[in-house]
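Residue-level structure breakdown
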Amino acid sequence: MLVRVFYVSAAVGPQTTAVTQSILQQSQAYNCQHGITGVLLQGQGIYLQALEGEQDEVNRLYARIASDPRHNRVEMVHCENIEQRRYGNWSMAHAELSDLDPMTQIEWQTFDPHSITGLLVLARIDQLIETGQMIG
Ligand SMILES: Cc1cc2nc3c(=O)[nH]c(=O)nc-3n(C[C@H](O)[C@H](O)[C@H](O)COP(=O)(O)O)c2cc1C
């Protein structure tokens, strides 16, 4: 069964190009081998990632990612069974979030993961794709 999950997390340390490159390199190699596709949005101390794939593969990867010391406060915000992938062309696409991006306006003090719905994230990713800001 195919699933898609979205999670948000808080970066530990600065989100430098070197950190991003290292995450993307690891992701592309592993994800290709395990049938995972998705997108990674990052910026302003936040990561927001979509992962798609077979349920057991996504669960296994999510557990690995959640224990990665480069971020904390990893919160699943959405999980659904899907018929088709949305990000099937990308082992892990990537976009930078600006300080004005609605996705970076999270109030971590009072953060309720349910305040970020799957629909909201999906719509924002669609916008980033349409405006050519997603790097595949
Ligand atoms: C925000 C974030 C997103 C990540 N996304 C992925 C991913 O999609 N696929 C992947 O294999 N590793 C991803 N990683 C890296 C994994 O957490 C982990 O470091 C990597 O799989 C190597 O694991 P290992 O050290 O146990 O071999 C991500 C890490 C972070 C911080």
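Preceding this paragraph is the structure being described.
This section reports on the structure supplied with the text. All figures in this text were calculated on a predicted structure; none of them were measured in a lab.

Its identity as a non-glycine residue notwithstanding, Gln44 has a phi of 55°, on the positive side. Checked against the element boundaries, Gln44 lands in the loop between β2 (37-43) and β3 (46-54). The backbone of Arg73 shows a phi angle near 50°, a positive value even though the residue is not glycine. You can see Arg73 is positioned in strand β4 (residues 71-81).

This brings us to helix α1 (residues 17-33). Taking 1.5 Å per residue as the helical rise, α1 with its 17 residues ought to reach 24 Å, and the 24 Å between its terminal C-alpha atoms agrees with that figure. For α1, the full list of buried residues reads Ile23, Ser27 and Asn31. Around the axis of α1, the buried residues are gathered within 45° of arc, so they sit on the same side. Exposed side chains of α1 directed beyond 90 degrees from the buried face belong to Thr17, Ala18, Gln21, Ser22, Gln25, Ala29, Cys32 and Gln33. If you follow the buried residues of α1, they end up packed against β2. Note on α1: the residue one or two positions beyond its end, Gly35, has a positive phi of about 65°.

Let's shift gears to the site of the ligand. Inspection of the region around the ligand gives 15 residues, with Ser27, Tyr30, Tyr47, Asp68 and Arg70 positioned closest. Mapped by element, the contributors of at least two residues to the shell around the ligand are α1, β3 and α2 (55-66). Per-element accounting of the shell around the ligand gives the leading share, five residues, to α1. Considering only residue class, the shell around the ligand consists of seven nonpolar, five polar and three charged.

On to the environment of Gly13, then. With respect to the element layout, Gly13 can be found in the loop between β1 (2-11) and α1. Distance from Gly13 to Pro69, taken between C-alpha atoms, is 9.8 Å for residues 56 residues apart in sequence.

Time to look at the pairing of β3. The buried fraction of β3 is high, at eight of nine residues. Summarising the sheet, β1 and β3 pair through nine bridges and their orientation is antiparallel. Following the sheet pairing, Val3 is matched in β3 by Gly53. With seven bridges connecting them, β2 and β3 associate as antiparallel partners. By the bridge assignment for β3, Leu40 is matched with Gln49. Where β2 hands over to β3, the hairpin turn is made up of two residues, of which Gln44 adopts a positive phi near 55°.

Criteria and cut-off values
Residues numbered from 1 in each chain as written. Predicted model: local features only at pLDDT ≥ 70, side-chain atom pairs only at ≥ 80, totals over all residues. Helix = DSSP H or I, 4+ residues; strand = E, 2+ residues; numbered from the N terminus. Expected span 1.5 Å × (residues − 1). Buried ≥ 20, exposed ≤ 12 C-beta atoms within 10 Å, placed from the backbone. Arc of directions from axis to C-beta. Contact = placed C-beta atoms within 7 Å. Near = placed C-beta within 6 Å. Nonpolar A, V, L, I, M, F, W, Y, C, P; charged D, E, K, R; others polar. Pairing = 2+ DSSP bridges.

What is shown is where atoms sit, not what they do.
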